[in-house]
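Residues per chain are reported as follows:
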Amino acid sequence: MTNANSKRESHFKVNCLVRLLLLLLLSSCFNLARQWDALFLMRVIRYGARLEIYRRTSRVVTVVDRFVQQAQRIPEKAFLIYEGVTYTYGELEERSNRVARVFGDAVKEGDTVALLMSNEPDFLSVWFGFCKLGCAVAFLNTNIRSRSLLHCFRCCGAELLVVGADLLETLEDILPSLQEDGITVWCMTQESPRPGVHSLLDQMEEASQEPVAAERRSVRCLRSPTLYIFTSGTTGLPKAAVITHLQALKAAGGFWVYGATGSDVIYTPLPLYHSAASLVGIGGTIELGATCVLKKKFSASQFWHDCRKHNVTIFQYIGELCRYLCNQPTKDHRVLMGVGNGLRQDVWREFHRRFGDIRMCEIYGSTEGNLCFMNHIGKIGAVGRSNFFYKLIFKYDLVKYDLVREEPVRDHSGFCQHVQKGETGLLLSKICSQSPFFGYAGSKQLTEKKILRDVFVTGDAYFNTGDLMAEDEDDFICFRDRVGDTFRWKGENVATTEVTEILGLVDFIQEASVYGVQVPGNEGRAGMAAVIVRPECTFDGKKLFSHVLRELPSYARPLFIRLQESLEMTSTFKQQKFALVESGFDPCSISQPLFFLDCSEKSYVPLTSSVYDSIVSGQRNV
Ligand SMILES: *[C@@H]1O[C@H](CO)[C@@H](O)[C@H](O)[C@H]1NC(C)=O
């Protein structure tokens, strides 16, 4: 070791020690009620310290390195349970070795390969296999088709694609374009399904299960990309978020920080091509040496049955998923904790009421973002809690936001302004060496759009989360709205999440989605709600009318109601409002029953063509 190196190392050790001592000292000042906080923070810091060591010693232990270690330590332990079959750590290790053997000569370190597969064990074999060859892997969303898919493919620069046997047909229309681009396509089948497509399963069977040289996967820099994960928007093409080893390792620490151990059984019904399932779920399982029950697709009716059968202790969720679960009968179970995001307060309470004291831990953080909040206490409605230490680690701010111009408010010198405690503001996260933002692959423009510059001083840069949040007196951070999920009517801002929650309180409403529609002759957008009526109930216009009259200010009351059999869901179960907004409220073009808020009748009345005409022509005031 050189002199400079050893000096740096000792300096680092001192540095680390000082930080920990400081932490211990200050944490002893916490009162008992904050014990949870202290414990949680200790874990965050301990995990952070490990990453810091990687950074300084340029020897990174990646998620796949951790997997290899666990496969040596506990080869017989169940790693994955899928459709009733158990796969041990050892088995998955061998299978991924076979993948690495097949492609050992075809790819080199730093190449990117694309993966288009549904949730299945070989998703992991292929992912780990390529990582063992030093490649980055791009997870393609299995719901996107043709032009979008081609776009995804091109922006991550992959030259090789592995496709699941069940998804080959979705490539039909772009196969010629792929082949034109010189991209090799491999399919998870025993035989080549068509000319120009290679089969992988037979090749894997013939390949050796011995590991390839460990040097091939060695990583010297935490900031080299290991994955590309596509994030979807309501409009425009998907964006490829660059996931570095640093982010993958941070996400893998999630369960551990929440206090999970190797004896936990984690239930993952979310798609693996998203960061929640792959980075937090699989990465977290590996970190703990735990077991993951992987579902091909989420099913509300199978959920509790699965949890009982496999003694599940932790499950991953997104908000909508919990809402579906609330319509399921209560069952015995051993579930202790849910980890996820987007749980609304009303659903959260109902979930507790039905299924008992399950700790629901919200994780706030986007795939590409450089900020993360964790609600380790399980306080209803909060995504996390900030405190002195957290602010040391994450430099974030809430600034005043102008909903009309859809941009932050700037003062006379052109800088943003902090909000008061309790006030809602736009969440920004400082981009610095501690919390870097790696942007999107192949598009400087998209990356730049997420960055806000000259925020508090000239030359600074912040990641714009696009989320409106508020911090309360007790430092709990609550999600209020997504920029764009708010519309204006009669000069007032209407938060769709708020109206949705209020509608959800009506006994015959199972589910509602609120949005704004344009009414000719009026500024802004009028409130409209697509509503699913509970199976055993009927729509009651008078009851709904008196409810919204009581609970909502006049500008926020939905003017139009549209009854739906179902609400269209995107792959992440998020409600796809875009199409609803586009289709407006014309009874001639919408086949579902429509209702109109009629103040003279004190009820929601059927929206007939003549009512529609009188609104559009301006005869009837809205
Ligand atoms: C679940 O736990 C029970 C009681 O500890 C045990 O008998 C059973 O074998 C476990 N089931 C599985 C699938 O591990």
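Residues numbered from 1 in each chain as written. Predicted model: local features only at pLDDT ≥ 70, side-chain atom pairs only at ≥ 80, totals over all residues. Heavy atoms only, no water.

The name given to the chain in an unreviewed UniProt entry is long-chain-fatty-acid--CoA ligase, with Sinocyclocheilus anshuiensis as the source organism. Taken directly from UniProt, the Subcellular location (unreviewed entry) text for the chain runs: "Cell membrane". Regarding the chain, the relevant UniProt record gives this comment under Sequence similarities (unreviewed entry): "Belongs to the ATP-dependent AMP-binding enzyme family." (UniProt positions renumbered as here; feature names shortened; annotations may be inferred.)

Per the secondary structure count, the chain includes 20 helices and 30 strands. The buried share of the chain, reckoned over its 622 residues, is 55%. In the form shown here, the chain has an accessible surface area of approximately 28100 Å², with 50% of it arising from carbon and sulfur atoms. (Helix = DSSP H or I, 4+ residues; strand = E, 2+ residues; numbered from the N terminus. Buried < 20%, exposed > 50% of the residue type's maximum accessible area, 1.4 Å probe, protein only. Areas by Shrake-Rupley, 256 points an atom, 1.4 Å probe, with all protein chains shown as cover.)

Turning our attention to helix H11 (residues 275-288). Here H11 lies mainly inside the structure; 13 of its 14 residues are buried. Backbone geometry just after H11 places Gly289 at a positive phi near 75°.

Glancing now at the sheet that holds strand S5 (residues 160-163). The seven strands lie next to each other as S7-S6-S5-S3-S4-S8-S9, forming an open sheet whose pairing is mixed. The open sheet terminates on both sides in strands that have one partner only, identified here as strand S7 (197-199) and strand S9 (239-244). For this sheet, the mean angle separating the axes of adjacent strands, direction not counted, is 25°. In the sheet, S5 pairs with strand S6 (residues 184-187) via four bridges, with the strands oriented parallel. Pairing of Val162 across the sheet is with Trp186, part of S6. (Pairing = 2+ DSSP bridges. Axes fitted to C-alpha atoms, helices over the stretch in contact; angles between N-to-C directions.)

This part takes up unusual backbone geometry. Backbone geometry places Asn311, a non-glycine residue, at a positive phi of 55°. As for its position among the elements, Asn311 is in the loop between helix H12 (300-309) and strand S12 (314-318). One non-glycine residue, Asp454, lies in positive phi territory at about 50°. With respect to the helices, strands and loops of the structure, Asp454 is situated in the loop between strand S21 (451-453) and strand S22 (461-471).

A separate point is the site of the ligand. In the region of the ligand, the neighbouring residues are Lys309, Asn311 and Arg334. One of the side-chain nitrogen or oxygen atoms of Asn311 is found 2.3 Å away from an oxygen atom of the ligand. Relative to its unbound accessible surface of 360 Å², the ligand loses 30% to contact with the protein. (Near = heavy atom within 4 Å. Polar contact = N/O pair within 3.5 Å; in protein donor to acceptor, adjacent residues only side chain to side chain.)

Judged by nonpolar contacts, the single largest core of 118 residues is most densely connected at Trp127 and Phe130. With seven residues, helix H5 (residues 121-131) is the single largest residue contributor to this core. Here Trp127 is in contact with Leu115, Val137, Phe139, Leu227, Ser278 and Ile282, once residues within four sequence places are set aside. Counting residues in hydrophobic clusters, the runner-up holds 45 residues, among them Val514, Val533, Phe560 and Tyr612. (Core = buried A, V, L, I, M, F, W, Y, C linked by side-chain atoms within 4.5 Å. Contact = heavy atoms within 4.5 Å.)

What follows covers the side chain of Thr496. Here Thr496 is to be found in helix H17 (residues 496-503). Residue Thr496 is classed as buried on the basis of its relative accessible area of 3%. Sequence-distant contacts of Thr496, that is, excluding residues within four places in its chain, are made with Asp481, Asp485, Phe487, Val514, Tyr515 and Lys577.

Below, the discussion takes up the sheet that holds strand S1 (residues 78-82). Across the sheet, eight strands lie side by side as S2-S1-S11-S10-S12-S13-S14-S15; this open sheet has mixed pairing. At either end of the open sheet lies a strand with only one pairing partner, and these are strand S2 (85-88) and strand S15 (373-374). The pairing of S1 with strand S11 (residues 291-294) spans three bridges and is classified as parallel. If you follow Leu80 over to S11, its bridge partner there is Cys292. Set on the sheet, H5 makes contact with S1 and S2; between it and S1 the angle comes to about 135°.

To continue, consider the packing of aromatic side chains. Each aromatic ring pair is specified by the distance between its two centres and by the angle formed by the two planes. In total, this model carries 27 aromatic pairs according to the counting rule given. Seen from their ring centres, Phe67 and Phe79 are 5.3 Å apart, and the 50° between their planes marks the pair as tilted. Remark: Phe79 occurs in strand S1 and Phe67 occurs in helix H3 (residues 63-73); sequence separation between them is 12 residues. There is no split in this pair, since Phe67 and Phe79 are both buried. Between the aromatic rings of Phe298 and Tyr324, the centroid separation amounts to 6.5 Å while the plane-to-plane angle is 25°, which identifies the pairing as stacked. Taken together, the residues span a long stretch of sequence, with Phe298 in the loop between S11 and H12 and Tyr324 in helix H13 (residues 319-325) at a distance of 26 residues. (Phe/Tyr/Trp six-rings, centres within 6.5 Å; stacked < 30°, edge-to-face > 60°.)

Attention now moves to the pairing of S2. In this structure, S1 lies alongside S2, joined through four bridges in antiparallel fashion. Across the sheet, residue Ala78 finds its bridge partner in S2, namely Thr88. From the end of S1 to the start of S2, which pair antiparallel, there are two residues, and Glu83 there has a positive phi angle of about 45°.

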